[in-house]
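Each chain, letter by letter, is given below.
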Amino acid sequence: MLLLVRLVEPGKLLPPLPGAGHVLATLLGMSPQDLAQIDKHIDQLLDAAAAALLAQDGIQNAVNRLSSYGPSSMAAIGDSLTADRLGWFALLARVCSLGGGMATFVNAACAGETSVQLIPRVPALLATPVPLILCMAPGNDARRFGRPDASPQISGEETSRALAMVREECLTAGRDVLLITPPGIDSVRAAASPFWASMATFWDQGNLDHVCQATLSLDADAIDLRTILVGEPAYREADGLHTTLAGASQIVRSVLPRLAARYS
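Residues numbered from 1 in each chain as written. Predicted model: local features only at pLDDT ≥ 70, side-chain atom pairs only at ≥ 80, totals over all residues. Heavy atoms only, no water.

**Let's talk about the sheet that holds strand β1 (residues 73–77)**
- An order of β2-β1-β3-β5 is seen for the 4 strands of this open sheet, with the pairing classed as parallel. Each edge of the open sheet carries a strand with a single partner, namely β2 (104–107) and β5 (176–180). The mean angle between the axes of side-by-side strands here comes to 20°, regardless of whether they run parallel or antiparallel.
- Across 5 bridges, strand β3 (residues 132–136) lies against β5 in parallel orientation. From the neighbouring strand, Cys135 faces β5, where its bridge partner is Leu179. (Pairing = 2+ DSSP bridges. Helix = DSSP H or I, 4+ residues; strand = E, 2+ residues; numbered from the N terminus. Axes fitted to C-alpha atoms, helices over the stretch in contact; angles between N-to-C directions.)

Below is the structure:
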């Protein structure tokens, strides 16, 4: 249940409606009060993970450098790995906030979306003054439906074209944009997951590699996270795809110093 609360944000999919604040609680079959308690728990977990990261060598220094030389705010687009309220971008924002760095972070990512679906989200993002946009390429491009040997829902060529359009729109608008590959999949866990089985969804590292290769081919400075979570089960949720806070921390350890170096 906590994972669903982390990932599902009706406000990113629905227009403003009376009572929309109760939509998620209704969908999950709980009271708004129970959902509020889970929200509080998520905040507490983020605070603890951020404090633990700031205590590690080099993290506070990276926050200080980014705050001194980097942009005043940043945004992120992508799929559920980025939208996750206990994911890498939420944790990056909390680390920078607690560490005295920039305070404005815009999470425009949406669970379930592909690289093609990022394209119509860009104009609204560019209507804001945010100067830096991080784009973790959606692993959903590699998702297969119905049977294990089905084609991925977005081909490698389509991924390249869509990410190139997103990047070009951002650069043309005078924004800095940094592409990031999704981390690899725990294929064994994903294959055994009832969550994916219920949706007849299949994942394969080979197909995800096409997404990563497309990402790396478009941006010489792209951050490659393909191997960052390999070999450590504690970095993954039981579905084999989404990260635990420990996994999100690993990603922040990689992304934050790269951002600091980019501007200092």
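Having seen the structure, we can now continue with the description.
**Topic: helix α9 (residues 156–172)**
- Look at α9: 24 Å from first C-alpha to last across 17 residues, which is about the 24 Å you get at 1.5 Å a residue.
- All of the buried residues in α9 are Thr159, Ala162, Leu163, Val166 and Cys170. One face of α9 carries all of its buried residues, which in axial projection span an arc of 95°. Within α9, the exposed residues directed more than 90 degrees away from the buried face are Glu157 and Thr172.
- Contact partners of the buried residues in α9: β1, α7 (115–118), α8 (122–126), β3, β5 and α12 (205–218). (Expected span 1.5 Å × (residues − 1). Buried < 20%, exposed > 50% of the residue type's maximum accessible area, 1.4 Å probe, protein only. Arc of directions from axis to C-beta. Contact = heavy atoms within 4.5 Å.)

**What about the state of the cysteines?**
- Inspection of the entire model under this criterion finds 0 disulfides.
- No disulfide involves Cys170; its sulfur sits 7.8 Å from that of Cys135, the nearest cysteine.
- Left without a disulfide partner, Cys212 is nearest to the cysteine sulfur of Cys135, which lies 12 Å away.
- The class of Cys212 is buried, set by a relative accessible area of 0%. (Disulfide = S-S within 2.5 Å.)

**With respect to the nonpolar core**
- Met74, Leu91, Leu92, Leu134 and Leu256 are the most contacted members of the largest nonpolar core, which has 46 residues in total.
- Of all elements in the fold, only α2 (23–27), α3 (32–54), α4 (59–69), β1, α6 (88–98), β3, β5 and α13 (245–263) reach the threshold of two or more residues within this core.
- Residue contacts for Leu92: discarding those within four places in its chain leaves Met74, Phe105, Leu134, Val252, Leu256 and Leu259.
- Core analysis: the second largest hydrophobic core is formed by 26 residues, Ile77, Cys135, Ala137 and Leu179 among them. (Core = buried A, V, L, I, M, F, W, Y, C linked by side-chain atoms within 4.5 Å.)

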